[in-house]
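Examination of the molecular architecture
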Amino acid sequence: MRVLISGSSIAGPACAFWLHRAGAEVTVVEKSRAPRPGGHAVDIRGVARQIVEWMGIREAIRARQVDERGWALVDGRNRVLGRMGADAFGGEGIVAEIEISRGDLAEVLRDATAGFTEYRYGDRIAELAQDARGVDVTFASGVKERYDLVIGADGVHSGVRELAFGPDSDYVRYLGVYSAYFTVTDPGDMDNWYLMYNEPGRVAGLRPERGGTAKAQLAFREPLARYQRLSRDEERRVVAERMAGGGWRIPELLAQMPDAPDFFFDSIDQVHVKRWWRGRVALVGDAGYCGSPLAGLGTSMSLVGAYVLAGELAGAADPERALAAYQNTMADYVAEGLKLPPGGAKGFAPKSRLLIRSRALSMSMMTAWPFRNIMAKQFGKADAITLEDYGLGTHAPAAQLR
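Presented here is an overview of the structure given in this document.

Conventions and cut-offs
- Starting from 1, residues in each chain are numbered consecutively following that chain's sequence as written.
- Totals for whole chains, interfaces and linings use all residues, but because this is a predicted model, local features are given only for residues with pLDDT of at least 70 and pairs of side-chain atoms are given and counted only at 80 or more.
- To obtain the side-chain values, all non-hydrogen atoms of the structure were included, while hydrogens and water were left out.
- What is meant by a nonpolar core is a set of buried Ala, Val, Leu, Ile, Met, Phe, Trp, Tyr and Cys residues, joined one to another through side-chain atoms within 4.5 Å.
- Relative accessibility thresholds used throughout: buried, under 20% of the residue-type maximum; exposed, over 50%; partly exposed, between the two (1.4 Å probe, protein chains only).
- Numbering of helices and strands runs from the N terminus; a helix is a DSSP stretch of H or I covering at least four residues, while a strand is a stretch of E covering at least two.
- Only heavy atoms matter for contacts: two residues are in contact if any of them lie within 4.5 Å across the pair.
- The pairing criterion is simple: DSSP has to find at least two bridges between the two strands.
- Interaxial angles span 0 to 180 degrees and are taken between N-to-C directions of axes, which are lines fitted to C-alpha atoms, for helices over the stretch in contact.
- Angles are sorted into four bins: roughly parallel if under 35 degrees, roughly antiparallel if over 145, roughly perpendicular if 65 to 115, and oblique for all others.
- Handedness of a crossing follows from how the near helix is turned relative to the far one, being left-handed for an anticlockwise turn of less than a right angle and right-handed for a clockwise one.
- We call Asp, Glu, Lys and Arg charged. Ala, Val, Leu, Ile, Met, Phe, Trp, Tyr, Cys and Pro are nonpolar, and the rest, Gly among them, are polar.

1. Examining the nonpolar core
In this structure, Ile5, Leu19, Val304 and Met330 are the most contacted members of the largest nonpolar core, which totals 81 residues. Top element by residues in this core is helix 8 (residues 298-313). It accounts for nine residues. Discounting residues that sit within four places of it in the chain, Met330 has contacts with Trp276, Tyr289, Met301, Val304, Gly305, Val308 and Ile385. Counting residues in hydrophobic clusters, the runner-up holds 28 residues, among them Ala72, Phe220, Trp248 and Leu253.

As structure tokens, this is what we get:
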């Protein structure tokens, strides 16, 4: 079986790994001209930990993961209002036991697949035409090829989803927040804690990284999704205007923003697709089901989804039935992963100082009874699936795709 995957971040290479174990010939196409480094920290939670163990990449992740002691909410004088250690809730709290930058995790996954996967950078899928036996693909470069299966692993604004399922407006739900991420110099007093500061309708965060740097986040509430298709300079101007006059370390973060090589700005969205496959075109990860960074399970759902998708396809005589089984197996897990924490965007960026103080009080009590039981249920959703052994594990013989 020849499989084309669009997207080389996390879900794409993970799919390539497991599909290769299932006997497929895999090509990954990526519109960026080269792998994109950096990115905000992501976490690997619950059953996804077992996935990376089976892939044999746990040690590679351990060597690159961020050393975070936990999460702390601070005031304008950098005084701690509430905190949660990384060991809380069995390492599944706000900061998980396994935290790594998105770019580093993507590189680990690409390294694990480089020997048997063709990566094509600087190209994208321009047209799809499928029949009962396969998919004819026309690339933006003009190349035309035929595949048995096409997988969209290309994120919230998936090009594959738009071609085969319909426009973003049918599937992407804006949550009322815009956020920017970029690398800054480590201020030297974070003590390996992820620090978060709130002002009415605005959020600033600093996350520790390796090598003397930190990842800054600047976010703000906005009722309308009106900052679309802007240039990088326009995005920086919007962030500077919306965060102007902020307290804590916002001025120094804004001062470093223009020179940051990895500046990223986007709306915070969810993706809801009723059925993740159409014929021989399927979606995995954020392209099909994204809970947003607020829900906190996106990376884990991508890793688990890639494994289940490949596992259901392994040995399947009918790919479409296998894709239906993939969705059926993942449905409850994804439903849990799409649930936002209490308060959602309003809880993330409260719009009044009273609500900010109330949030700080509730955060300081999260690990105490009875709030601990409520939060344990929220964080426990990372284990809301039992993984089947498809015979694709590290020491098991690979099944074959027909």
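2. Some words on the pairing of strand 16 (residues 264-272)
Examined bridge by bridge, strand 12 (residues 172-185) and strand 16 share seven bridges and lie antiparallel to one another. Counted as the bridge partner of Val172 is Val271 from strand 16. Alignment of strand 16 against strand 19 (residues 289-290), held across two bridges, turns out to be antiparallel. Paired with Val271 across the strands is Cys290, a residue of strand 19.

3. Section: the packing of helix 2 (residues 48-55) against helix 8
It is at 9 Å that the axes of helix 2 and helix 8 come closest, and there the two elements cross at 55°. Compared by their axis directions, helix 2 and helix 8 come out oblique. Note on packing geometry: the crossing formed by helix 2 with helix 8 is left-handed. Across the interface between the two elements, Ala48, Ile51, Val52 and Trp54 of helix 2 pack against Ser300, Leu303, Val304 and Tyr307 of helix 8. In the contact of helix 2 with helix 8, the residues fall into seven nonpolar, one polar and no charged.

4. Concerning the environment of Arg83
Counting through the fold element by element, Arg83 comes out in strand 5 (residues 80-85). The spatial distance from the C-alpha of Arg83 to the C-alpha of Leu195 is 9.1 Å, given a sequence separation of 112 residues. Apart from residues no more than four positions distant in its own chain, Arg83 is found in contact with Trp71, Ala72 and Trp193.

5. Description of the pairing of strand 15 (residues 213-221)
With eight of nine residues buried, strand 15 is to be regarded as a mostly interior element. Strand direction decides the pairing type here: strand 12 and strand 15, joined by nine bridges, are antiparallel. Paired with Thr185 across the bridge in strand 15 is Thr213. Where strand 14 (residues 202-208) folds back onto strand 15 in an antiparallel hairpin, the turn is made up of four residues, including Gly211, whose phi is positive at roughly 80°.

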